[in-house]
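Close look at the chain arrangement
So the chains spell out like this:
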Amino acid sequence: MLEFSSMAQDFVEATSSLVGGRTINIMDREGTIIASTEKERIGTFHQGAAEVIATGKPVLIETKDLPRYPGAKEGYNMPIFLKDELIGWWASLDARSRC
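All values reported here derive from a predicted model rather than from experimental measurement.

The rules we used
Residues numbered from 1 in each chain as written. Predicted model: local features only at pLDDT ≥ 70, side-chain atom pairs only at ≥ 80, totals over all residues. Heavy atoms only, no water. Salt bridge = Lys/Arg side-chain N within 4 Å of Asp/Glu carboxyl O. Helix = DSSP H or I, 4+ residues; strand = E, 2+ residues; numbered from the N terminus. Buried < 20%, exposed > 50% of the residue type's maximum accessible area, 1.4 Å probe, protein only. pLDDT = per-residue confidence, 0-100. Contact = heavy atoms within 4.5 Å. Core = buried A, V, L, I, M, F, W, Y, C linked by side-chain atoms within 4.5 Å. Pairing = 2+ DSSP bridges.

Bringing the pattern of salt bridges into the picture now. Applying the stated criterion across every chain, the model contains seven salt bridges. Of the charged contacts, one joins Lys73 and Glu38 as a salt bridge, the two residues approaching to 3.0 Å between their closest N and O atoms. Taken as a pair, Lys73 in the loop between strand E3 (59-61) and strand E4 (75-82) and Glu38 in the loop between strand E2 (33-36) and helix H2 (47-55) lie far apart in primary sequence, 35 residues in all. Between Lys64 and Glu62 there is a salt bridge whose closest N-O contact spans 3.6 Å. Among the residues examined, Glu62 registers a relative accessible area of 21% and is labelled partly exposed. One network of salt bridges, with partners in common, ties together Glu62, Lys64, Asp65 and Arg68.

Here we take up the confidence of the model for the protein. With 90% of its residues at a pLDDT of 70 or more, the protein shows a mean pLDDT of 84. When the criterion is pLDDT under 50, residues 95-99 qualifies, and its contacts beyond four places in sequence or with other chains add up to nine contacts.

Here we come to the environment of Asn77. As for its placement among the helices and strands, Asn77 is situated in strand E4. The exposure class of Asn77 is buried, given its relative accessible area of 1%. Sequence separation between Asn77 and Asn25 is 52 residues, and the spatial gap between their C-alpha atoms is 9.0 Å.

Moving on: the nonpolar core. By size, the foremost hydrophobic cluster in this structure holds nine residues: Met27, Ile33, Ala49, Val52, Val59, Ile61, Tyr69, Ala72 and Trp89. Elements supplying a minimum of two residues to this core: H2 and E3. In this structure, Ala8, Ile24, Ile26 and Ile34 belong to the second largest nonpolar core, which totals six residues.

Covered by surrounding structure in strand E1 (residues 24-27) are Ile24 and Ile26 together with Asn25 and Met27, the residues of both alternating faces. Sheet analysis places E1 next to E2, joined by three bridges and oriented antiparallel. By the bridge assignment for E2, Met27 is matched with Ile33. Where E1 hands over to E2, the hairpin turn is made up of five residues, of which Gly31 adopts a positive phi near 90 degrees.

Written out as structure tokens, the structure is:
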């Protein structure tokens, strides 16, 4: 997982600059943040990712939803698939208001 985490960190940093400096996270199958433009969040649990794990579907977290999502901030949480296998999740903070 260390190699994937390193690639994921490179990805979030490169992608953030392409989307106006948005905060981007990538989480593993357990809902732990493994890469983030907010490096202090790496290694912490993200409840939004846990919901994506359970449903396999994107989750939008708004300010009013934060009490239900420990470790999360406002934004979209999307599944990452590789050959039809759910391998992780990414999140973009406050993406809806910046589109």
